[in-house]
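# Chains, contacts and geometry: an overview
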Amino acid sequence: EYDYLESVENLSSGINAEYGHLESTTSTRFIAPVLSSKVTPKNNPISVDITSSGGLGAVTDGKDVLVFEGPSGNVRRTLSGHVADVECVSFFPSNKVLLTGACDMCVKIWSVEDGSCPVTLTGHTRAVTTLGMVGVGRHVVSGSLDGTIKVWVCGTQQCLSTISPQAGAINQLHVIGDQQAVSDSSALILSATERGLLSLHNTSQSSSCVFSYQHSEELTACNAVNQNTLVAGSIKGDLITLDVRNSSQPISCYKRSNYAISSIATDCNRVWCSQRDGECYTINTDTTLQCDTTLSGGDCDAVLCLVAKGGVITTTSKDRILRRYEV
């Protein structure tokens with residue numbers, strides 16, 4: 001462990017008064033990647049996802065998606081079918097099916113086992129930027145630059161509902177609910193938007209907004225710590241935690257740098273964040289604002305995506321290297 005008291009003091013001096021401060025006793029540990037693999041030699045790997053077991057992963061490569069073996073990084077197959085760059089990927093809970101969204105305004109469902117694409121969902125009018133899964137995967141959710149969130153029924157390939165927060169592009173969404181639940185009625189969709197609105201909507205009622213918070217800057221990432229605690233990141237590096245029972249003000253705000261937060265993931269009671277200056281770290285979501293772990297290896301290359309599942313952290317960066325960490 002390395003005591004970075006001096007760094008904390010220097011950082012704290014640049015934090016706006018409305019933000020909390022880092023504890024002066026904070027110490028951090030650095031974790032090196034167990035795997036660094038250049039699996040996308042042609043294009044920036046904008047999005048990555050891994051299965052719940054960590055055995056397989058999927059990463060974008062321009063118009064294609066590369067399915068790779070998690071422990072080794074070796075590419076197993078290439079999924080080709082989108083006619084424009086793929087922006088987001090997400091595995092179904094079964095780990096055998098993959099969901100993709102792209103700049104061609106389409107959402108596709110793929111078989112990871114044979115590479116076939118039996119379903120293409122159309123309806124967005126601009127690029128699809130973010131995806132989510134409801135329950136065991138009977139319904140999927142997509143967000144777009146067109147400012148809408150669509151809930152799709154996989155079996156019928158129909159759009160169940162369209163949510164329009166009226167706050168510009170949907171930068172990221174997260175579905176809150178039991179992933180193993182058979183019924184999808186209790187799920188909520190958390191979304192972060194271009195105009196700084198963080199909102200919660202019911203999956204089955206397009207007009208039902210159960211929570212909203214307006215930030216002063218564009219929100220680029222969001223996730224949920226639990227049913228009551230939300231976390232969002234901004235284009236200026238603000239990391240905000242909120243309680244859904246009180247939308248008037250955040251629980252806490254933390255700012256490590258002025259670079260945009262690209263991803264927020266929750267795993268094993270931790271909140272992991274990545275930023276466009278190459279930083280990846282975990283932070284407590286209580287008022288002590290302690291950063292206890294930093295992932296090394298990314299240097300100053302922008303981290304484009306971070307996912308965390310079962311103690312395995314996977315990141316992609318502008319250096320086109322996929323890194324795997326085991327925490």
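Overview of the structure. Source: prediction; values computed, not measured.

The pairing of strands in a sheet comes from backbone hydrogen bonds and takes either a parallel or an antiparallel form. Read across the open sheet, the four strands follow the order β16-β17-β18-β19; overall the sheet is antiparallel. With one partner strand each, in any of the chains shown, β16 (170–176) and β19 (209–214) form the two edges of the open sheet. Sheet twist, expressed as the mean angle between neighbouring strand axes with direction ignored, is 15 degrees. Where β16 lies against strand β17 (residues 188–193), six bridges are found, and the strand directions are antiparallel. Bridged to I170 within β17 is T193.

Attention now moves to the pattern of salt bridges. Side chains carrying opposite charge are able to pair once their charged atoms draw close together. Following the criterion strictly, the structure yields eight salt bridges and no others. We note a salt bridge from D319 to R323, for which the minimum N-O separation is 2.8 Å. Each of the two residues, D319 as well as R323, counts as buried. Where R324 meets E326, a salt bridge forms, and the shortest distance between an N and an O atom there is 3.7 Å. By relative accessible area, which is 8% here, R324 ends up buried. Accessibility expressed as a relative area gives 48% for E326, which makes it partly exposed.

Inspection of the secondary structure puts V151 in strand β14 (residues 149–153). Assessed through its relative accessible area of 0%, V151 is described here as buried. Sequence-wise, V151 and V134 are 17 residues apart; in three dimensions their C-alpha atoms are separated by 8.9 Å. Once residues lying within four places of it in the same chain are set aside, the contact partners of V151 are H139, V140, V141, Q158, C159, L160, S161, I189 and T203.

Between two aromatic rings, the relevant description is the distance of the centres plus the angle of the planes. All chains considered together, the criterion is met by one aromatic pair. Cation over ring: R256 sits above Y281, and NZ or CZ is 4.5 Å from the ring centre.

So, on to the nonpolar core. Membership of the largest hydrophobic core comes to 17 residues, with the highest contact counts inside it found for I176, L190, L198, L200, F211 and L230. Counting only elements with at least two residues in this core, the list comes to β17, β18 (197–202), β19, β20 (219–224), β21 (229–234) and β22 (238–243). Sequence-distant contacts of L198, that is, excluding residues within four places in its chain, are made with L190, S191, A192, F211, S212, Y213, L219, C222, L230, A232 and L242.

Glancing now at the pairing of strand β27 (residues 291–295). In regular strands, side chains alternate between the two faces of the sheet. Counting buried residues along β27, four of its five residues qualify, which places the element largely inside the surrounding structure. Looking at chain direction, strand β26 (residues 280–283) and β27 are connected through three bridges and run antiparallel. Of the residues in β27, the one forming a bridge with T282 is T293.

Moving on: the pairing of strand β11 (residues 119–122). Here β11 shows a buried face lined by V119 and L121 and an unburied face lined by T120 and T122. Two strands pair when backbone bridges link them, and strand β10 (residues 106–111) and β11 are joined in this way by four bridges, in the antiparallel orientation. Residue V107 lies in a different strand from β11, and its bridge partner there is L121.

As a further point, take unusual backbone geometry. In this structure, Q157 is a non-glycine residue whose phi angle is positive, near 60 degrees. By the element assignment, Q157 lies in the loop between β14 and β15 (158–163).

Attention now goes to the environment of L188. Mapping L188 onto the fold places it in strand β17. Here the alpha-carbon distance between L188 and V134, two residues 54 residues apart in the chain, equals 8.8 Å.

Here is what the cut-offs are and how they apply
Residues numbered from 1 in each chain as written. Predicted model: local features only at pLDDT ≥ 70, side-chain atom pairs only at ≥ 80, totals over all residues. Heavy atoms only, no water. Pairing = 2+ DSSP bridges. Helix = DSSP H or I, 4+ residues; strand = E, 2+ residues; numbered from the N terminus. Axes fitted to C-alpha atoms, helices over the stretch in contact; angles between N-to-C directions. Salt bridge = Lys/Arg side-chain N within 4 Å of Asp/Glu carboxyl O. Buried < 20%, exposed > 50% of the residue type's maximum accessible area, 1.4 Å probe, protein only. Contact = heavy atoms within 4.5 Å. Phe/Tyr/Trp six-rings, centres within 6.5 Å; stacked < 30°, edge-to-face > 60°. Lys NZ or Arg CZ within 6 Å of the ring centre and 35° of its normal. Core = buried A, V, L, I, M, F, W, Y, C linked by side-chain atoms within 4.5 Å.

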